[in-house]
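# Understanding the architecture of this molecule
For reference, the chains in residue letters:
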Amino acid sequence: MVSKFSCIECGREYQPGVRFRCDCGGLLEVKHEFPEVSRALFDGRMGSLDGPYCSGAWRFKELVDPCIEEALIVSRPEGNTNLYSHRILCEYVGLNDISLKHEGENPTGSFKDRGMTVGISEANRLGAKMVACASTGNTSASLAAYAAQADVTCVVFIPEGEIAFGKLAQALSYGANVLQVKGNFDDAMRLVQEASERLGLYLLNSVNPWRIEGQKSIIFELLQQRGWAPPDWIAVPAGNLGNTSAFGKALREMVDLDLLDETPRLLALQAEGANPFYRLVEGGGNSLEPLKPSTVASAIKIGNPVSWKKALKAISETDGVVEQVSDQEIMDAKAIVDRCGVGCEPASAASVAGVRKLVDEGVIDSGDDVVCILTGSLLKDPGATVGYHTGNVEGVTPRYANPPILIEADLASVEETFAQIALAVRENR
Ligand code: F0G
């Protein structure tokens, strides 16, 4: 049993190591020699209390990283995230039913942990002493935590002043060396790739093919939770396009291994101001044009996504759709997800906003079975959330605002406020 790196352009194979691009410039992906697997194998591990199989990523070890020794695995553990629905949400998107798979329930509050556990375990296998990434926030939070667990030095490159406070707080607290780059994410990404090569840092962005392997487990776990019955659509926010790529690879491999009967359609959502992949697919071209990104959803504020070629394959193989949504649509959808008691960060809500848009346009039928991936926790970006409810997000009208009510420190003020609340409740019935 072996796993190799293989070029997505020319097929040339490499031993898995520290290089993530082929001599021809193409991205590399992992190619496994899969052992015998079955749904029953994975179902038998459900509810396991012991590592590594209690992790929702390592439960699928044979599909993710079959060869790594268990002793090398660094796991928190991750995954085992829940599916949610709510009447208010169904009404908002215009579907009879919809589920949200909440990847914000991972150990550091985003889906990145699923890829990071595999990436850091591979760093461990290679004996890496220093790990690095560029990030719009979540990758750096995740890497910082896993590097601390693995006891390796961590360097994260973040765009100065552009990442949400929850994420910055995590990276600082977990002990990463935080380099604030005077530029945007795309500058930080270019810099970390150059620095990794020059200084021998092990790079843990999703250009590292092991990250993609771990993120495939979102799809495996989602299907397992549904008794292996595929939905019609899976909607996912798209920034650097690691997740879109991982979802396509997961679905392709499941079909090849007889684990899936029908392939769901992928729906990748970009913010209007950070939409190079949407433009590429809409324009029918074959080369992505980088742009200068701008959106309130800082996690997906990316103008030059690394994995666009892998993602393009994922969209074409799944008869997928790429759509764009405005900051207004993202923040309103977020307010609805939050109001359901579920909550997510702004970028995550692009999935819900996109589904609403496509239901409206008649691309998604009101009876379709749809799963949206919520990629990060509500607590990641308190600035955007409080900003929305207090009317302080530039260019966004808070249609579902729930601002705090300032009162005098006496009972009469409380009584007066209660009367207003009771009136509002009656009016809304
Ligand atoms: N949602 C959230 C919350 C994210 O943090 C990201 C990416 C995405 C969606 C987009 O996923 O890049 O796989 O298309 N965050 C990266 C980071 C870029 O640095 O944390 P993608």
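Preceding this paragraph is the structure being described.
Residues numbered from 1 in each chain as written. Predicted model: local features only at pLDDT ≥ 70, side-chain atom pairs only at ≥ 80, totals over all residues. Heavy atoms only, no water.

### Brief notes about the overall build of the protein
Here is the rule we go by: A run of H or I in DSSP becomes a helix once it reaches four residues, and a run of E becomes a strand once it reaches two; helices and strands are each numbered from the N terminus. Radius of gyration: C-alpha atoms only; globule rule: 2.2 Å multiplied by the number of residues to the exponent 0.38. Burial here depends on accessible area, computed with a 1.4 Å probe over protein chains only, as a share of the maximum for the residue type. Under 20% is buried, over 50% is exposed, and the range in between is partly exposed. The contact criterion used is simple: two residues touch if any of their non-hydrogen atoms lie within 4.5 Å. Residue burial considers only the protein chains on display, and all accessible areas are found by Shrake-Rupley using a 1.4 Å probe. Think of it this way: Lys and Arg go in the positive column, Asp and Glu in the negative one, and His and the chain ends go nowhere. Charged groups are reduced to one reference atom each: NZ for lysine, CZ for arginine, CG for aspartic acid, CD for glutamic acid.
For the protein, the count of helices and strands is 16 helices and 13 strands. A compact globule built from 429 residues would reach a C-alpha radius of gyration of about 22 Å, and the protein, at 21 Å, matches this within 12%. For the protein, the spread of C-alpha atoms along the three principal axes comes to 70 × 50 × 45 Å. Across the 429 residues in the protein, those meeting the buried criterion constitute 58%. When contacts within the protein are restricted to residue pairs at least 6 apart in sequence, long-range pairs at least 24 apart make up 68% of them. Here the protein has roughly 17900 Å² of accessible surface; of this, 48% comes from carbon and sulfur atoms. Of the side chains in the protein, 40 bear a positive and 57 a negative charge, and the two mean positions are spaced by 5 Å.

### Concerning the sheet that holds strand E6 (residues 130–134)
Threshold: Two strands pair if DSSP finds at least two bridges between them. Inter-axis angles, ranging from 0 to 180 degrees, are taken between N-to-C directions of lines fitted to C-alpha atoms, where helices are fitted over the stretch in contact.
Ordered by their spatial adjacency, four strands build an open sheet running E8-E7-E6-E9, and the pairing between neighbours is parallel. Taken across any chain shown, the strands that pair with only one partner, and hence form the sheet edges, are strand E8 (177–181) and strand E9 (202–203). By the bridge criterion, two bridges tie E6 to E9 in an arrangement that is parallel. Across the sheet, Ala-132 pairs through a bridge with Leu-203, a residue of E9. Packing of helix H5 (residues 138–150) onto the sheet brings it into contact with E6 and strand E7 (153–159), and relative to E6 it is tilted by some 170°. The sheet contacts of helix H7 (residues 185–199) involve E6, E7, E8 and E9, and relative to E6 the element is tilted by about 155°.

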